[in-house]
Amino acid sequence: MNSAFQLNGKRALVSGANTGIGQAIAIGLAEAGAHVVAAGRSPCDETVDRIRGAGGSAEAFMLDLSDPAGAASRLTEAGELDLLVNNAGIIRRAESVDYTEADWDAVMDVNLKAVFMLSQSFAREVFARGSEGRIVNIASLLSFQGGIRVPAYTASKHGVAGLTRILANEWTARGINVNAVAPGYIATNNTAALRADEKRNAEILSRIPAGRWGEPSDIAGAVTFLCAPAAKYVSGAVLNVDGGWLAR
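None of the values given here were measured: they were computed from a predicted structure.

Draft legend 1. The arrangement of the packing of aromatic side chains in detail. Tallying each qualifying case throughout the model produces three aromatic pairs. With 5.6 Å between their ring centres and 85° between their planes, Tyr 185 and Trp 213 make a pair best called edge-to-face. Of this pair, Tyr 185 sits in the loop between β6 (176-183) and α6 (192-196) while Trp 213 sits in the loop between α7 (198-207) and α8 (216-227); the two residues are 28 residues apart in sequence, bridging distant segments of the chain. On the accessibility criterion, Trp 213 (8% relative accessible area) is buried. Measuring from centroid to centroid gives 4.8 Å for Tyr 185 and Trp 245, while their planes differ by 55°, and the two rings are tilted. With Tyr 185 in the loop between β6 and α6 and Trp 245 in the segment after β7 (238-241), this pair connects stretches of sequence that are 60 residues apart. Judged by its relative accessible area of 22%, Tyr 185 falls in the partly exposed class. Three or more aromatic residues joined by ring pairs form one cluster here, namely Tyr 185, Trp 213 and Trp 245. Seen from the ring of Trp 245, Arg 207 lies directly overhead, with NZ or CZ sitting 4.3 Å from the centre.

Draft legend 2. Structural view of the nonpolar core. By size, the foremost hydrophobic cluster in this structure holds 41 residues, and its most contacted members are Leu 13, Leu 65, Leu 118, Phe 122 and Ile 176. The next biggest cluster of nonpolar side chains, apart from the first, holds 34 residues, and it includes Ala 26, Ala 38, Ala 58 and Leu 83.

Reading guide: rules and limits
Residues numbered from 1 in each chain as written. Predicted model: local features only at pLDDT ≥ 70, side-chain atom pairs only at ≥ 80, totals over all residues. Heavy atoms only, no water. Phe/Tyr/Trp six-rings, centres within 6.5 Å; stacked < 30°, edge-to-face > 60°. Helix = DSSP H or I, 4+ residues; strand = E, 2+ residues; numbered from the N terminus. Buried < 20%, exposed > 50% of the residue type's maximum accessible area, 1.4 Å probe, protein only. Lys NZ or Arg CZ within 6 Å of the ring centre and 35° of its normal. Core = buried A, V, L, I, M, F, W, Y, C linked by side-chain atoms within 4.5 Å.

This is the structure in structure tokens:
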């Protein structure tokens, strides 16, 4: 592999790494040579086993982002990190007129507040040791669009895009590049119902120029690039990985 795309010697924490996109990102970073700390409030043993089975290096780390301050305070327990991927997220669906404060707070805590607090904790450690680092946040198509029946998710993902830009403004000159990846419609457990709905599936596919659902590995490739030396002059970007959805 071209050294510009290698992550040998880097230590990366990926939140929400137990399944789906987070698992694919963890595997992708390990394939590029990073030691991966697979973090989540659910066990990430399967992810770690898959990485180690392929000859990579990984460990599991329990981290509950529903308590953002508590999670941030524990980040140093994961060792000296070079890379932070804020992937974990939740979604609660309801008509906006009926949306509860409890659902709003739960989504915003995990999807936005925890992203900021983990990034802040990570940056403090990187700055203290005079090192460099990379942060990649997982945004969404709903960082740009409104969606339906997901007010807190949409607000949180708009917030992730804005947070990515302000942190890049403040931290790039100090050695931390901050970017985001905005996935389109990806074939994961979370989208199984949509793909099983013949009408909805056809509507979605008709809007995607690539003509297919994305795979978690499509997101992993983009994240790995943003973590690699090849992306050293990329900061403050929100990279759409959507098969052309937003261009339609």
